[in-house]
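# A look at the structure
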Amino acid sequence: MRQKNAFIPTLRTVGEAEMVSHQLLLRGGYIRQLATGIYTYLPLAYRVLHKVENIVREEMDRIGAQQLLLPALHPAELWKETGRWTNYGPELVKLQDRHERDFVAGPTHEEVITDLLRDEMNTYKKLPMSLYQIQTKFRDERRPRSGLLRGREFIMKDAYSFHADRESLDVTYHHMYQAYMNIFTRCGLDFRAVEADAGAIGGKGTHEFMVLSDAGEDTIAMCEACDYAANIEMAEVVGSEKSTDKTPVPAMEKVATPGKRSIQDVAAYLNVPTRQLVKSLLFIADGTPVLVLVRGDHEVNDVKVKNLVDASLCELADEETIRRVTGAPSGFVGPVGLKEKVQVFVDQAVMQLNEMVVGANEADTHLKHVQVGRDFTVDQVADLRNIQPGDACPRCSATIRFKRGIEVGHVFKLGTRYSEAMKAKFLDPNGKEQPFIMGCYGIGISRTIASIVEQHNDENGIIWPVAVAPFAVHLIAVNMKNEDQARLAEGLYEKLQQAGVEVLFDDRTERAGVKFKDADLLGMPVRVTVGAKANEGTVEIKLRRTGEAKELSPEEVLKELP
Ligand code: ATP
Ligand code: MG
Ligand code: MG
Ligand code: MG
């Protein structure tokens, strides 16, 4: 591409942008903001987008997932079926058509894909099935001020898998996990797969892929020695602005709830010390959501806790199912109040904390309208996690450190949460109807781009990893008015293109200083400069990352490219 005609509106300064990626993408003429959290991808960014999407596509296709494209507009009815029309919270973008019918601008697609599959996949013989799409998502985020890191309109790859049994889900989950490792590695990111502790889900049922960066909103507890890493999101979320500027919550209230169990009871049932339970289980007990904050290390009594967690994932499961899955005696299930339904708001656990009734460490007593950050300090909640910097790693007992991370991907065993609610069933080999067992797997494509910039820059601008760079080579003719230079540069431009190299050719009549500054800002991995030595048939090749430069003949350039 010739830079003379290219739409690359660079800026010398940008106003409010806080994050480095936000600043550099604006300054480099990669993006422009249309409204808060809503961005245009200019031609250079679009090329990066394309590269990242291709990497994602290749890795998804490799594990047998099939790409489709679901609608972005969803009828409200589907979201009412799962309860998320009300439960999803203020992030859900709602709109109406001319007949005043309600719609959702999709923030995620579990409802839509489950609706599709429930009509098409009536037998176990067609399972498992993995489908994915790359699409624009809408979330009315509370703090969309970090550029592409947190948009209100953003691009996501979301995949969904459907299975006849848990084992099959485990296999696909593992494949997805591996694909995600490949994707983020190929994108040149320094990242960790961490146990995502959304509170309501068991340790192994969900992982997040975290780019290590101070720009991150999440805090990760990481072991120095082994690969143990966990998101302590809850402690973060509640202490951050994420939870403060919400609609006012009434004061915390202690209420008598006869027959409901305390945390101690849950601990006693699980046969672990109260301090050693970690998970937060959300139940709908008698129609009232109950958050049971359970402390400590779930590996202490792995089987039982895991079972309980699994049970909590079966949304709308009846008491008998819960008892069967957990193996809990009815004396336990009954008093806790799992009379009709059990529901876990998996990903929304923390968001909904305000309306929760919290176990109050006393039998027959609960706390209503709890707002963490107000009623509990962040430290107290962090303490609930029972993990602090300097602690011993739960796996290998080396030291735990805290780091900031950006969540670029998330894999999740959903179980039957959506299929039960939406009556999405297939016939098993015995001719019996069973709800699909599901998994979902997301990647923030646009956030990944910003994360790459967060990790790959210096004071002069972006430094793109080769795999995602808009152009592999930035070819600069220092002085286009000099015939030797112009001729050599034009020839090289042709030659590189013929060899399949993507080249941005700075053929502008700008001053050399401006061209070099722009080249650093835009961040192509290799700069080839045609300057004063053009008449000797010599050009300079320079690596953006290291600054390493050497002179060579135009013929040698191709061989030198990384
Ligand atoms: P976060 O905790 O940052 O709000 P999330 O857990 O709500 O993210 P998921 O529902 O897990 O996000 O969505 C899958 C992926 O989509 C995330 O891992 C992230 O990479 C990306 N994503 C989510 N929200 C945004 C956003 N507002 N802007 C850009 N990317 C996003
Ligand atoms: Mg979110
Ligand atoms: Mg998250
Ligand atoms: Mg997530």
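What you see is a predicted model, and the numbers here were worked out from it, not measured in a lab.

### Points about the overall build of the protein
Looking only at helices and strands, the protein features 17 helices and 28 strands. Put simply, the protein has 562 residues, and 46% of those count as buried. Counting contacts in the protein only where the partners sit at least 6 residues apart, residues at least 24 apart contribute 70% of the total.

### Here we look at the pairing of strand β1 (residues 31–35)
With 4 bridges connecting them, β1 and strand β2 (residues 38–41) associate as antiparallel partners. Counted as the bridge partner of Ala35 is Ile38 from β2. With antiparallel pairing between neighbouring strands as the criterion, β1 and β2 make up a hairpin whose turn holds 2 residues, including Gly37 at a positive phi of roughly 75°.

### Considering the environment of Gly523
You can see Gly523 is positioned in the loop between α16 (512–522) and β26 (526–530). Sequence-wise, Gly523 and Pro465 are 58 residues apart; in three dimensions their C-alpha atoms are separated by 9.1 Å. If we skip the residues at most four places from it in the chain, Gly523 touches Gly461, Ile462, Ile463, Trp464 and Arg544.

### Observations regarding the sheet that holds strand β27 (residues 539–543)
The 5 strands lie next to each other as β25-β24-β26-β27-β28, forming an open sheet whose pairing is mixed. On the outer flanks of this sheet lie β25 (503–506) and β28 (549–552), each paired with one strand and no other. With direction set aside, neighbouring strand axes in the sheet form an average angle of 20°. Pairing of strand β24 (residues 473–477) with β26, which is carried by 5 bridges, proceeds in the parallel orientation. Looking at the pairing, Val473 lines up with Val526 of β26. Strands β24, β25 and β26 of the sheet are contacted by α16, whose axis makes an angle of about 175° with β24.

### What to know about helix α6 (residues 166–186)
With 21 residues, α6 extends 30 Å between its outermost C-alpha atoms, agreeing within 8% with the 30 Å of an ideal straight helix rising 1.5 Å per residue. For α6, the set of buried residues is Leu169, Thr172, Tyr173, Met176, Ala179, Tyr180, Ile183 and Phe184. An end-on view of α6 places all buried positions within 130° of arc, on one side of the element. Facing away from the buried surface of α6 by more than 90 degrees, the exposed residues are Glu167 and His174. Remark: Gly188 follows α6 within two positions and exhibits a positive phi of approximately 80°.

### A look at the confidence of the model for the protein
For the protein, mean pLDDT is 79; residues scoring 70 or higher make up 71% of the total. For the stretch residues 272–319, pLDDT sits under 50, and the model shows 146 contacts to residues farther than four places along the chain or on other chains. Predicted complex metrics record ipTM = 0.99 and pTM = 0.78.

About the cut-offs
- Residues numbered from 1 in each chain as written.
- Chains lettered and ligands numbered in written order.
- Predicted model: local features only at pLDDT ≥ 70, side-chain atom pairs only at ≥ 80, totals over all residues.
- Helix = DSSP H or I, 4+ residues; strand = E, 2+ residues; numbered from the N terminus.
- Buried ≥ 20, exposed ≤ 12 C-beta atoms within 10 Å, placed from the backbone.
- Contact = placed C-beta atoms within 7 Å.
- Pairing = 2+ DSSP bridges.
- Axes fitted to C-alpha atoms, helices over the stretch in contact; angles between N-to-C directions.
- Expected span 1.5 Å × (residues − 1).
- Arc of directions from axis to C-beta.
- pLDDT = per-residue confidence, 0-100.

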